[in-house]
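# Architecture and fold: a report
In case you want the letters, here they are:
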Amino acid sequence: MRIGLAGVGRIGAFHAETLRDLPDVDEVVVVDLDADAARAVADKLEVGFAASPAQLLDSGVDGFVIATATPGHAPLLRMGLAAGVPTFCEKPVAATLEETLALARLVSTTSTPVHVGFQRRFDCGYQRAQQAVATGRLGFVHSIRAQTHDQSPPHAAYIPTSGGLFRDCSIHDFDIIRFVTGREVSAVYATGANKGADFFSKAGDVDTAAAVLTLDDDTLVSVSATRYNGAGHDVRMEVLGSEGTVGVGYDDSLAVTSAEGGATFPSGPRHRSFMERFLPAYRAELTAFAAVARGTLASPCTVADALEAFRVAEACELSRRENRPVSLGEIPAL
């Protein structure tokens, strides 16, 4: 197979290397708005180079991977669909709910598959939690705790374009909650605060947030996020049921120090970034996309899935701003 990739930043260059090493991929071709950067990555990885996304798609590819900054996602996704090329797109597929809805409607009119990059679906821990729920091993699930805690904040220039903490960060939790439980969110109540750098509040954002979600079967979910977790990058989920509890992210890398005397767990080392935490999952999701491009696997995470996670994020942001519970029925849907 011949796979094209747009965007050669950190995640894009990593994806290009991963794709290059897949046994079913014969050639990778990269493109970027910064042609010099694309050429440098192409030379380093010994892969192909294209001068523009249009040239890349016109040259004939079996799959198209979008790993640009968020503003490029929707236009490139539309190009991939117009060319009839199976497309992988990093989250979010668009910066706004309106554009995400428009893309979901567009995708529903075509047979071209789109795989959205919510990599936690390919993490072994989350997959085992999903199986524990699906098989009934936990009994009835009554509570879930989910968190995404970054070790340190991104650059100040990123925050005004990020969409906010719920849309940029917690959206991964919202997607994986749907994946693990097989349920939809029916209502949210969210809040947030700033105790760190001024650039969060100046952009109308928060550096720490929390939300209580009610699922459509009355399961209660607490979600937390922060840009300041100096102990390390800490992503976890606990699923509590009437017959048992499972936890994701509870290994020796856990970014917590026990206050109990004599405790030696966790022993470390701790993860410092999302790339470290989910390295195997990123590789697994692109292996899955290769199967999607071959036509042997349906999309494991569709634009419709991405839309539902975005709707939850939108509801949380509305709840935070207006300091009130928000029903998902208030948020536009397909």
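Looking at an unreviewed UniProt entry, one finds the protein chain named Gfo/Idh/MocA family oxidoreductase, with Terrabacter lapilli as its source organism. Taken verbatim from the UniProt record of the protein chain, the Sequence similarities (unreviewed entry) comment is "Belongs to the Gfo/Idh/MocA family."

Our next topic: the pattern of salt bridges. Per the stated rule, a full pass over the model turns up 23 salt bridges. For R20, the salt bridge is made with E17, and the minimal N-O distance between the two is 3.9 Å. Linking R20 with E17, this pair stays in helix α1 (residues 10–20), spanning 3 residues, or about one helical turn. For E17, a relative accessible area of 35% puts it in the partly exposed group.

Before going further, it helps to spend a moment on the UniProt feature "domain: GFO/IDH/MocA-like oxidoreductase" (unreviewed entry) in the protein chain. Feature annotation in UniProt places "domain: GFO/IDH/MocA-like oxidoreductase" (unreviewed entry) on residues 126–246, given in this structure's numbering. Along residues 126–246, the helical share is 29% and the strand share 36%, with 10 Å between the first and last C-alpha atoms.

So, about the packing of aromatic side chains. Applying the stated rule across the entire model yields 5 aromatic pairs. Between F14 and Y282, the aromatic rings sit 6.2 Å apart at their centres with planes inclined by 75°, giving edge-to-face as the arrangement. Note that F14 is positioned in helix α1 and Y282 in helix α11 (residues 279–294), a separation of 268 residues in sequence. Residues F14 and Y282 agree in their burial class; the two are buried. A centroid spacing of 4.7 Å and a plane angle of 35° characterise the contact between F199 and F200, whose relative ring orientation is tilted. For F199, a relative accessible area of 24% gives the class partly exposed. Given the relative accessible area of 0%, F200 is considered buried.

The buried fraction of strand β2 (residues 27–31) is high, at 4 of 5 residues. Bridging between strand β1 (residues 2–6) and β2 involves 5 bridges; their strand directions are parallel. Looking at the pairing, I3 lines up with V28 of β2. In the sheet, β2 pairs with strand β3 (residues 48–49) via 2 bridges, with the strands oriented parallel. Residue pairing across strands places V30 opposite F49, the latter belonging to β3. Between β2 and its parallel partner β3, the chain crosses via helix α2 (residues 35–45), and the hand of that crossover is right-handed.

Basis of the calculations
- Residues numbered from 1 in each chain as written.
- Predicted model: local features only at pLDDT ≥ 70, side-chain atom pairs only at ≥ 80, totals over all residues.
- Heavy atoms only, no water.
- UniProt positions renumbered as here; feature names shortened; annotations may be inferred.
- Salt bridge = Lys/Arg side-chain N within 4 Å of Asp/Glu carboxyl O.
- Helix = DSSP H or I, 4+ residues; strand = E, 2+ residues; numbered from the N terminus.
- Buried < 20%, exposed > 50% of the residue type's maximum accessible area, 1.4 Å probe, protein only.
- Phe/Tyr/Trp six-rings, centres within 6.5 Å; stacked < 30°, edge-to-face > 60°.
- Pairing = 2+ DSSP bridges.
- Right-handed = clockwise from strand over helix to strand, strands pointing away.

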